[in-house]
Amino acid sequence: MCVTDPFWGPRQSLVAHSMLPHQWRQLEMRGYLDNFTAVAPGGAGTHRGLSFVDSDLYKWLEAAAYTLGNGALDAASVEGRELAGWVERAVGTISRAPMPDGYLNTYQQAIGGRRRWTSLLVDHELYCAGHLIEAGCALDESGVTDDLLGTATRFADHIVERFASPSRGVPGHAEVELALVRLAERTGQDDYLAMAAEFVHRRGHYNRYPSALVKDVVRAARTAFEVRRRLVSVALADEEAEDRVTFGFEPGPWRSLPRVAGQFLTGAYFQDRVPLTDLGVAEGHAVRAGYLFAGAGDVALARGDEVLGALLAAIWERTTGRRAYVTGGMGSLPTVEGFGRDYELPNRGYAETCAAIAGFLWSWRMLLLSGEARYAEWMERALHNAVLSGMMAAEHVAEAVAAGRAHDEIAGYEAAWRDSDIGKDLKKVRNVKPLWTKFGLWLGVALGGLDMWLNTLFGSSPFGTMKHGKTDAQSLEPAAKHRKIAYPKPDGVLTFDRLSSVFLSNTNHEEDQPIHLQVKDMELQKRSEHDVYAGPSSRYCPAGVYEWVDADGNAAADRMGIDVRFVINAQNCVHCKTCDIKDPNQNINWVPPQGGEGPVYPNM
C-alpha cells in the first residue's frame, strides 16, 4: 500500500529514496554481502561482523520488497531499476550459500558448520532464519521474485526436521515463530505452523539454566574465536580487512553483571524462565519478548486458540500498564536491554526503536484477535512517539556521518524534535496537568480541553505556558488530615525489595567520601517532618535511606511515637534527589558526594 497523506507519505518516500540506498551501501562496505559469497562453494570461508549480521541483509530485502511492491518507488524509474538490481544481486548471492541440507548461517558456515545448533541461546541462528523466511515471503507476496522463498522453504524444512523433538531447545531470540506462521500461510504447509506453536509452548518447561546457558556461552566463545582466527589469517595480508575483524559478541559492562546475571541464569532474559501460561507479564529482553508474543498471537490467530489469545491479552494489559512508557517505549533497563520490575521506569530508560516496533507487532496481533480499539491506540502511540523519535535521531546521525563529523554533539536534534510532530503534539497538552492542579479536577479538565482546542485551532494558548501551582514539598499536607493507607499483600510476599534494588543499581560510593546528606535542624525534623507529617521521608525515598527508629534501633511501629530518632543510611543513596524535592521543610541538604565530583553512575 502506497501512503500519500502529508504525514506518513514523506516518511515512506524517505525510506524509498534515501534509507534503502544508504543501507545497501553500508551492507556492501561492511562486507555483510561478501559473507554469503565467502561460504558458497569455492569461497574463502571468512566472516565479518557479529553473529547475527545475516539478518541485516534479510531485513533490508524485506523493506525493499514492500517498497517495490507498494508503488512508493516507480519500478521503471532509475531508482526503481537500481533497487530491483540490488535485490536481484542479493537474492542470487544468498541462494548460492546454503549447505546441502538447506542450513544457512554464514557465521557458522565460516568454520564449516561444525558447531551449528550448539549455542541456540547466544548465536541467533533461528533468529536469522526467521528473518530469511520473512524476506522470502515478502518478496514473493510483493511479486518481486519467488527465488528467495525456495531457499527459505528448504531451510524451514531443515528446521522442522531438526527441532521436532522437544529436547532440542528453543530460540534464544524469538523471531522464527512468527516467520513460520507466515510461511505456513504462504505455502499451505501445516508443519510450519505446528513448529511455530511448538516453539511458543516449549519455553520454560526444562531445567536448562544455568548449566545449559554456561555450555552455550562456552561453545559460542569457541565459535567466535575460530571465526576471528580464520578472518585474521586473511586479514594479515590486508590491513584494511584487519580493521574489520570482530568477535561474535561484545562484552557487556562488568559493573552491571549482578542484574544481567540474574536474568541470564534463570532464563528470564530469553523468556524461558517459566512456561508462557505462568508468565503473567513481559520480562527479559524487550525485543525478544515482543517478537515472542507476536509469534504467539499469530499461532492463536491461525488456530483459533481463544485460551492463548486470552493469555496474551492478560500479559499485554499488565505489561503496557506497568512496564512500558506512556510513549509506547518498551524496556526500561539498559543493562539487559529490557524490562524491569513493575513501575520501574526511569527517565534514562532503554526503550530502543526495535523494542517499540516489536511491541507494535504484538499489539497488531492483539487487535486482530479481539478487534478492541485499545490495541490500535497503543500502535498509534508507539508509531508517533517511540518509532518516529528513533527515525528522527537516525536522520541527524546520518547527516553527521555524511558530513564527516565525529565525537561531537548532535545539537540539531533538540531543535528538530521541538519542531517535529511529536514536539507540536506535546506542546498542545503542556497545560493540562497544571490547570488540573490549579483549578481542581472538573474545572481543570474542562479548561485543559479548551486549552488543547485553542492550541489546535490557533497554534497558541491564552494561558501561555503554565507551571504547577506548588512544588512537591509545598503540596505535602499534615498527616492529621488523612487516613493511613493500608497496602494489603494477599500473597504475603514483599513486592519491592528496596535494598536489593540499591545493590542492583550499582551506584558506587567511595569508602572515604564525605556524608552528602545533612540535616540542618534535627529538632525541626522531629517536630515537623515526623510529628506533623508522620515521617514521609521513610516512604518517599526509593532506596530506604531515611528511617525513623525507636530506642532499640528498630523501625518505629507507631508513626507518632515520642521516643524516636532520625537515621540516615547514606551508603544506600542512589542520588535521585527525591529528598531535595519532597522534603516539606527543605531541611535535608543534599551536596555532591565524593569530594565534589558527583555520584558515579555505571554505563551513563
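Source: prediction; values computed, not measured. (Residues numbered from 1 in each chain as written. Predicted model: local features only at pLDDT ≥ 70, side-chain atom pairs only at ≥ 80, totals over all residues. Heavy atoms only, no water.)

Visitor: Can you break down the overall build of the protein chain residue by residue, with the values?
Guide: Along its length, the protein chain carries 25 helices and four strands. For the protein chain, with 604 residues in total, the buried portion stands at 46%. Across the protein chain, contacts joining residues at least 24 apart in sequence account for 68% of those joining residues at least 6 apart. Entry remark: accessible area of the protein chain is about 30600 Å², with carbon and sulfur atoms responsible for 55%. (Helix = DSSP H or I, 4+ residues; strand = E, 2+ residues; numbered from the N terminus. Buried < 20%, exposed > 50% of the residue type's maximum accessible area, 1.4 Å probe, protein only. Contact = heavy atoms within 4.5 Å. Areas by Shrake-Rupley, 256 points an atom, 1.4 Å probe, with all protein chains shown as cover.)

Visitor: Any details on the pattern of salt bridges? Residues and values, ideally.
Guide: The final tally for this structure, using the stated rule, is 23 salt bridges. Among the salt bridges present, the one from Glu28 reaches Arg89, with a minimum N-O distance of 2.3 Å. You can see Glu28 sitting in helix H1 (residues 9-29) and its partner Arg89 sitting in helix H4 (residues 78-95), a full 61 residues away along the chain. On the basis of relative accessible area, Glu28 is assigned to the partly exposed category, the value being 32%. Of the charged contacts, one joins Arg418 and Glu414 as a salt bridge, the two residues approaching to 2.9 Å between their closest N and O atoms. Linking Arg418 with Glu414, this pair stays in helix H17 (residues 412-419), spanning four residues, or about one helical turn. (Salt bridge = Lys/Arg side-chain N within 4 Å of Asp/Glu carboxyl O.)

Visitor: Can you break down helix H20 (residues 441-458) residue by residue, with the values?
Guide: Each turn of an α-helix holds 3.6 residues, which means side chains three or four residues apart point in the same direction. Compared with the 26 Å implied by 1.5 Å per residue over 18 residues, the 25 Å span of H20 between its first and last C-alpha is a close match. Looking at the packing, one finds that the buried side of H20 touches helix H18 (421-428) and helix H19 (432-439). One or two positions beyond H20, positive phi appears at Gly459, with a value near 75°. (Expected span 1.5 Å × (residues − 1).)

Visitor: Break down the nonpolar core for me, with residues and values.
Guide: Of all hydrophobic cores here, the largest spans 96 residues; its most connected members are Trp60, Leu61, Leu276 and Phe293. Sequence-distant contacts of Leu276, that is, excluding residues within four places in its chain, are made with Val200, Arg203, Leu292, Phe293, Ala296, Leu308, Leu311 and Ile315. Membership of the second largest hydrophobic core comes to 13 residues, among which are Leu517, Ala543, Val545 and Cys573. (Core = buried A, V, L, I, M, F, W, Y, C linked by side-chain atoms within 4.5 Å.)

Visitor: Help me get a handle on the packing of helix H2 (residues 32-39) against H4, residues and values and all.
Guide: Two elements in contact, H2 and H4, have axes separated by 8 Å at closest approach and are oriented at 35°. Considering the relative orientation of H2 and H4, their crossing is left-handed. Where H2 approaches H4, its residues Leu33, Phe36 and Thr37 are matched on the opposing element by Arg89, Ala90, Thr93 and Ile94. For the contact of H2 with H4, a count of residues per class yields four nonpolar, two polar and one charged. (Axes fitted to C-alpha atoms, helices over the stretch in contact; angles between N-to-C directions. Left-handed = near helix turned anticlockwise from the far one by under 90°. Nonpolar A, V, L, I, M, F, W, Y, C, P; charged D, E, K, R; others polar.)

Visitor: Give me the lowdown on the packing of H4 against helix H7 (residues 147-163), citing residues and values where you can.
Guide: The contact between H4 and H7 brings their axes to 9 Å, and the two run at 30°. The pairing of H4 with H7 is recorded here as roughly parallel in orientation. Handedness of the H4/H7 crossing: left-handed. On the side of H4, the interface is formed by Val91, Ile94 and Ser95, while H7 contributes Asp147, Leu148 and Thr151. Looking at the contact of H4 with H7, its residues break down into three nonpolar, two polar and one charged. (Parallel < 35°, antiparallel > 145°, perpendicular 65-115°, else oblique.)

Visitor: Could you give me a rundown of the environment of His396, with the residues and numbers involved?
Guide: Tracing the sequence through the fold places His396 in helix H16 (residues 373-402). When the C-alpha positions of His396 and Tyr413 are compared, they lie 6.4 Å apart, and in sequence the two are 17 residues distant. A polar side-chain atom of His396 sits 3.0 Å from the main-chain carbonyl oxygen of Met392. (Polar contact = N/O pair within 3.5 Å; in protein donor to acceptor, adjacent residues only side chain to side chain.)

Visitor: Give me the lowdown on the side chain of Ser332, citing residues and values where you can.
Guide: With respect to the helices and strands, the residue Ser332 is situated in the loop between helix H14 (306-322) and helix H15 (353-370). Given a relative accessible area of 1%, Ser332 falls into the buried group. Once residues within four sequence positions are removed from consideration, Ser332 is found in contact with Tyr325, Gly338, Phe339, Gly340, Glu344, Leu345, Pro346, Arg348, Gly349 and Tyr350.

Visitor: Can you tell me about a negative patch on the surface, naming the residues and giving the values?
Guide: Together, Asp157, Glu161, Asp190 and Asp191 give the surface a local cluster of negative charge. With respect to the secondary-structure elements, Glu161 resides in helix H7. (Patch = residues over 30% accessible without salt bridge, like charges linked within 9 Å, V, L, I, M, F, W, Y side chains within 5 Å. Lys, Arg positive; Asp, Glu negative; His and termini not counted. Charge placed at Lys NZ, Arg CZ, Asp CG, Glu CD.)

Visitor: An account of the environment of Trp117 is needed here, citing residue identities and associated values.
Guide: Topologically, Trp117 is positioned in the loop between helix H5 (106-109) and helix H6 (125-141). The class for Trp117 is buried, based on a relative accessible area of 7%. For Trp117, the side chain forms a polar contact with the side chain of His158, separated by 3.1 Å.

Visitor: Can you explain unusual backbone geometry? Please cite residues and give values.
Guide: Positive phi is not limited to glycine here, since Gln271 has a value of about 55°. Mapped onto the secondary structure, Gln271 falls in the loop between helix H12 (257-266) and helix H13 (286-303). Within the chain, Ala534 stands out as a residue other than glycine whose phi angle is a positive 65°. By the secondary structure assignment, Ala534 is in the loop between helix H23 (522-530) and helix H24 (537-540). For Ala534, a relative accessible area of 4% translates into the label buried.

Visitor: Please provide a residue-by-residue account of the packing of aromatic side chains, values included.
Guide: Within this structure, the stated rule accounts for 17 aromatic pairs. For the pair Trp117 and Phe155, a centre-to-centre distance of 6.3 Å together with 35° between the ring planes defines the contact as tilted. Placement of the pair is Trp117 in the loop between H5 and H6 and Phe155 in helix H7, with a sequence separation of 38 residues. In this pair, the class of Trp117 matches that of Phe155, namely buried. Site record: aromatic cluster; members linked through ring pairs are Tyr103, Trp117, Phe155, Phe163 and Phe199. Sitting over the ring of Phe439, Lys438 keeps its end group 5.9 Å from the ring centre. (Phe/Tyr/Trp six-rings, centres within 6.5 Å; stacked < 30°, edge-to-face > 60°. Lys NZ or Arg CZ within 6 Å of the ring centre and 35° of its normal.)

Visitor: An account of the side chain of Gln12 is needed here, citing residue identities and associated values.
Guide: Tracing the sequence through the fold places Gln12 in helix H1. By relative accessible area, Gln12 is classed as buried at 18%.

Worth remembering: the numbers are spatial, not functional.
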